[in-house]
Every structure is written in structure tokens, then in C-alpha cells.
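Single-letter residue listing:
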Amino acid sequence: GYFVDIGANDGKYLSNVWPLAKLKGWHGLMVEADDQAFAKLTAEFGNMPGIAVRHALLDSIGPTTNDAVLREAGAPAEIDLLNIDVEGNDYHLWRSLTSTRPRIVVIDFNPSIPNDVVFVQEEGPHVHHGSSLHALVGLLRHRLVQVRVEPGAPAGLDLLQPVALKGGVQRLLGHLDAEHEVA
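Residues numbered from 1 in each chain as written. Predicted model: local features only at pLDDT ≥ 70, side-chain atom pairs only at ≥ 80, totals over all residues. Heavy atoms only, no water.

Caption draft 1: Region of the structure containing the overall build of the protein. When helices and strands are counted, the protein shows 6 helices and 5 strands. For the protein, the residues scored as buried account for 42% of the 183 residues in total. Across the protein, the fraction of contacts at a sequence separation of at least 24, relative to all contacts at a separation of at least 6, is 58%. Summing over all exposed atoms, the protein offers an accessible surface of approximately 10000 Å²; the carbon and sulfur share of this is 56%. (Helix = DSSP H or I, 4+ residues; strand = E, 2+ residues; numbered from the N terminus. Buried < 20%, exposed > 50% of the residue type's maximum accessible area, 1.4 Å probe, protein only. Contact = heavy atoms within 4.5 Å. Areas by Shrake-Rupley, 256 points an atom, 1.4 Å probe, with all protein chains shown as cover.)

Caption draft 2: Region of the structure containing the packing of aromatic side chains. Evaluated as defined, the whole model comprises 0 aromatic pairs. Above the face of the Phe 45 ring, Lys 22 is positioned so that its terminal group lies 5.1 Å from the ring centre. (Phe/Tyr/Trp six-rings, centres within 6.5 Å; stacked < 30°, edge-to-face > 60°. Lys NZ or Arg CZ within 6 Å of the ring centre and 35° of its normal.)

Caption draft 3: Structural view of the side chain of Asn 89. Along the chain, Asn 89 falls in the loop between strand E4 (81-84) and helix H4 (90-96). Residue class for Asn 89 comes out buried when judged on its relative accessible area of 3%. Within polar-contact distance, the side chain of Asn 89 engages the backbone nitrogen of Gly 124 at 3.1 Å. Discounting residues that sit within four places of it in the chain, Asn 89 has contacts with Asp 59, Gln 121, Glu 122, Glu 123, Gly 124, Pro 125 and Val 127. (Polar contact = N/O pair within 3.5 Å; in protein donor to acceptor, adjacent residues only side chain to side chain.)

In C-alpha cells form, the structure reads like this:
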């Protein structure tokens, strides 16, 4: 498998990809903006075959977009896992990703915002409010619809069918369906 970890921190603490890289032999790209965390990330993964580490503050426009960094690192067109945890700008970084359709997305959101509220934080890497779960599920819906209408889209997104989701997310998807019904 192949993963992309945006906001990788030191690659160990609370990492969603550490077991994939260290125990399962996955390849991947790990991106971190903080200088001290990047030094630890490089010490842990810098010489590991199949793992690329990049020191960058990603943005949704300009030379440090997801797409630009993935292209520069030689990431494959099909990514198995995209992990975004940048403490705020997560929504915008996922929205701006156009070069690939990850099979699975793990993304940070602001759990203090009620699930029925759509809140997208102001775009920018130095704003740290985070977006609501409802906003991220709406973006997921938009991206799934995009995939369904694009000929030749990568396979595998069937894993994200609402039937596979549990609890609050399942109810939230039902709420979104009801909200967007055409009379």
C-alpha cells in the first residue's frame, strides 16, 4: 500500500501511519512543517526505503500544494490512505487535492462544533479552528459525486458507501440526504 501523511509530526506520536510503514511495509510520503518535528521525522524515517519525507507548509494554492508536493516526491496516482492532521486547514488541503483520489481519508475536524452545523474555517495555514464534521462529510459527498461522473476514475471508493459508516456519521449522511432531496 501507499500512504500520504500531511502533518506527520515526528512520525510516531499518535501517528496513523507508523504501523503501516514500520510493521506492514507500506511506502509513503510524510510531510511536516514544524522544524523540530521534522528533524525527529527525518531521524525516524529519512533513510527508510520507500518512505519520502518533506519539510513543507502546505497550502491550497502556490508552489506548496498537495499536488505539487506529491508530484515532486514521485507519489503514485492511486493512494491507499490519505491522512491530514494539520490542526486547522485540513478541509482546504483535502479540497485542493486534485491529482489523486485516495481510497481512504483520515482527517482532523473540530469536535466542539455540533454535528448539525456546517462550519468551514477561514483558509490559511495559521488559522487553527478546524472545520466541522458536517462540512467534511459535505466535501466527501461532493468528491464522491465527482468520482461517479468522471470516466476512468480510480476504483476503490466503493469502500466509502454510507452503509459502512457507523453512528453519528451515518445519521449525518442521512441528514444530508434529506436536506438535498429534490421535491
